[in-house]
Amino acid sequence: MADPLLSVRDLRTFFYTENGVARSVDGVSFDISAGETVGLVGESGCGKSVTALSLMRLIRPPGRIEPGSQIKFDGLDIAALDEKSMREIRGARLAMVFQEPMTALNPVFTVGDQIAEVVRVHHAGSKKEAWDRAVKMLETVGIPSPAQRANEYPHQLSGGMRQRVVIAMALIMNPALVIADEPTTALDVTIQAQILELLRDLQQKFGTSILLITHDLGVVAETASRVIVMYGGEIVEEAPVSDLFARAHHPYTEGLLNAMPQVGHERERLETIPGSVPPPTKWPQGCRFHDRCPYAWDRCATEHPPLYQIGGGHVSRCHLAVEPERRAQKHEPMVVA
Amino acid sequence: MADTTTASRSFVRRLLRQPGARWSVIAIALLVVVAVFGPSVLRHIQGYGPNDQLQIVQLKNAPPSWAHPFGTDRLGRDLLSRVVTGAQISLAISVVAVALSITVGTAYGLVSGYAGGWVDAVMMRILDGFLAIPRVLLLIALATMADRMPLWKLVLLIGGTGWFGVSRLIRAETIVLRRSTFIESAHALGASMTRTMWRHVLPNVLTPVIVFATLSVGNVILLESGLSYLGAGTKIPTASWGAIFNDGMGSAGDVWWVLLFPGLAILITVLAFNVLGDALRDVLDPRHLHASHTPQIAEAATSATPEKNG
């Protein structure tokens, strides 16, 4: 196989706060091939957004990417790149779509100006050319009467339209990889579906790779070909999307799936995962999920599990991979007891 | 482009709907016209200037009359032409001084708030030091030490000591903006720190800058009048409003017109700028912007309701 477009090895991003060192991303490794969509899933605080910002090198003090972390993108070592070269890559080869379309646009400029601004920043054309490209891009992302809309301000557009504008800004330089951080979270369900479809269409059209960050497994099922599940600053499970839904291995993934509403299943209440993500300044000893896990046994409290290969490109950070018989002994998790 | 003009037109309409804003706009417009053309027009009609002493014996402290609608002062100078010239001098001093302090203050606050960290800490401590200096006393001391200070130095002094407040304000706004998603997004799309600061942060802090500047003009007119009145501002025979007032002090009571007319000019001007500043603040307030867009939100809500039926 050819070299992947993005290759992350042992990425660690720590924040040096007054309450101690927050190990928000703690040894994450994964690849994304050209044209692939990968879903990155987890609860709030599991480190998925920090991972995204690390890839963009947008981590601010007191945070920093620890030495030894490797981010290879498009033949470049992003972790070691100087700020000027990094700026040339951002928005051009590597772009990001932010979560809140309400706040991701500058309120005092027209949307056309803001899209054209990206072209101008990357010296890819005159003012006129940039504007024309912006209008064309607005059409590509499905905004009706784009020449007119380009002259409007963000507050004149609906949430869905704004998210389309944000996507247009990310895609105008035809980047190789787009990181989409919860691109649909702030939108209505119907608009969500439209935006996801748009992302899929654009990916086919431009061959862009997408890293889709979300807490919604439904979104991942619809869009991604591979899923990475994060918990406690590390990857706990990675699998092709169908494989993950068919046979989730890690108890945390299992919990996420059980917390999803399913069509045709009459359930009184959705299941929840008890407890919450511990603060990144003090991850638990052993397995970081053990106090919330319904299968945990003494080994889990002491021995930090490695990523076990369980076949078919499916990996899981759970001792159940080597002691599968334990799955029969389900019990109340520690946090409840 | 068509949209920009509609937006600014609706802004003007909303501004003029503010109580008092219409009158303050008219007053300021009149004042500007008077300040720009008044002195030369008057000189042309009357044939003498603000500093010309007419027949000093007959026309010393003459009360208002047809020939001298505002009367004359103790040196036999025509007060109308002095007050009109004073409009030019006082307005010019305050507008230039405010422009100076706003520019310096905005730049200082922007850099401090945007840089953050130790740069911000150092810049703010320096500012704290400046703020501890009593402005009026400093101005009086400097102006009295330098005898017959040229006008431009006075402007420089007033402007140079007037930017502390605005830089605090801009710094606070910048800190809020710096954390907003669209600034982060601009970085993520490859914009540099400086580009983001000037292109994205600055236009978003212009609202408080405009309000602050308008209110400042009134304040600086008062400050300049006060200084000139105390003899520490413009020098004799320059006809600034404060200086005219000062001329009339010796013989107050009997020659009420020497105090009344420059006093009224100061009062009306300061009032107009303050009312306009308040109106601008109300109109430019982002909460008002949101209020004017509620129809759109309501529309979005109704268009989303069919979902519930499905």
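Model, not experiment: these values are computed from the prediction.

Peer 1: Looking at this model, I keep getting lost on the overall build of chain A. Mind explaining?
Peer 2: In terms of regular secondary structure, chain A is built from 11 helices and 13 strands. In terms of overall dimensions, chain A is globule-like: its C-alpha atoms have a radius of gyration of 21 Å, near the 20 Å expected for 337 residues. Along the three orthogonal principal directions, the C-alpha set of chain A runs to about 65 × 50 × 45 Å. In chain A, once contacts between residues fewer than 6 apart in sequence are set aside, the share between residues at least 24 apart is 66%.

Peer 1: Sorry, what's going on with the overall build of chain B here?
Peer 2: Looking only at helices and strands, chain B has 14 helices and zero strands in total. Evaluated residue by residue, chain B yields a buried proportion of 38% over its 310 residues. Considering only intrachain contacts with a sequence separation of at least 6, the fraction spanning at least 24 residues in chain B is 70%.

Peer 1: Before we go on, may I ask you to explain the interface of chain A and chain B in this structure?
Peer 2: Taken together, the contact between chain A and chain B spans 28 residues of the former and 21 residues of the latter. Sorting the residues of the side of chain A that touches chain B by element identifies helix H2 (83-89), strand S7 (94-97), helix H3 (111-121) and helix H7 (189-206) of chain A as the ones contributing at least two each. The residue inventory of the side of chain A that touches chain B, partitioned by class, reads 14 nonpolar, eight polar and six charged.

Peer 1: Got a minute to help me understand the packing of helix H9 (residues 193-229) of chain B against helix H11 (residues 256-284) of chain B in this structure?
Peer 2: Between two packed helices, what matters for the description is the angle formed by their axes and the separation of those axes. All names here are of chain B. Two elements in contact, H9 and H11, have axes whose closest approach is 8 Å; the angle formed by their N-to-C orientations is 165°. What the angle tells us is that H9 and H11 run roughly antiparallel. The crossing of H9 and H11 is left-handed. On the side of H9, the interface is formed by Thr207, Ile210, Val211, Thr214, Leu215, Val217, Gly218, Ile221, Leu222 and Ser225, while H11 contributes Ile266, Thr269, Val270, Phe273, Asn274, Leu276, Gly277, Leu280, Arg281 and Leu284. Its residues assigned to classes, the contact of H9 with H11 comprises 12 nonpolar, seven polar and one charged.

Peer 1: Can you help me understand helix H6 (residues 151-160) of chain B in this one?
Peer 2: Working note: α-helix, 3.6 residues per turn, so residues spaced by three or four point in the same direction. Of the residues making up H6 of chain B, those classed as buried are Leu154, Val155, Leu157, Ile158 and Gly159 of chain B. Elements that come into contact with the buried residues of H6 of chain B comprise helix H3 (79-115), helix H5 (135-145) and H9 of chain B.

Peer 1: How do you make sense of the confidence of the model for chain B when you look at a structure like this?
Peer 2: Parts of the model with low pLDDT should not have their predicted coordinates read in detail. All names here are of chain B. Averaged over all residues, the pLDDT of chain B equals 77, while 84% of them reach at least 70. Across chain B, helix H4 (residues 117-131) holds the top mean pLDDT of 89, while helix H14 (residues 306-309) sits lowest at 35. Scored below 50 in pLDDT, residues 287-310 shows seven contacts in the model against residues more than four places distant or in partner chains. ipTM for the predicted complex: 0.77, alongside a pTM of 0.75.

Peer 1: Is there a simple way to think about the sheet that holds strand S11 (residues 234-240) of chain A in this case?
Peer 2: Each strand in a sheet pairs with another by means of backbone hydrogen bonds, the pair being arranged parallel or else antiparallel. Residues and elements named next belong to chain A. The eight strands lie next to each other as S7-S8-S9-S3-S10-S11-S13-S12, forming an open sheet whose pairing is mixed. Two strands close off the open sheet at either side, each with one partner strand: S7 and strand S12 (308-309). In the sheet, strand S3 (residues 37-41) pairs with strand S9 (residues 209-214) via five bridges, with the strands oriented parallel. Opposite glycine 39, over in S9, you have leucine 212 as the bridge partner.

Rules of the game
- Residues numbered from 1 in each chain as written.
- Chains lettered and ligands numbered in written order.
- Predicted model: local features only at pLDDT ≥ 70, side-chain atom pairs only at ≥ 80, totals over all residues.
- Helix = DSSP H or I, 4+ residues; strand = E, 2+ residues; numbered from the N terminus.
- Rg over C-alpha atoms; globule rule 2.2 N^0.38 Å.
- Contact = placed C-beta atoms within 7 Å.
- Buried ≥ 20, exposed ≤ 12 C-beta atoms within 10 Å, placed from the backbone.
- Nonpolar A, V, L, I, M, F, W, Y, C, P; charged D, E, K, R; others polar.
- Axes fitted to C-alpha atoms, helices over the stretch in contact; angles between N-to-C directions.
- Parallel < 35°, antiparallel > 145°, perpendicular 65-115°, else oblique.
- Left-handed = near helix turned anticlockwise from the far one by under 90°.
- pLDDT = per-residue confidence, 0-100.
- Pairing = 2+ DSSP bridges.

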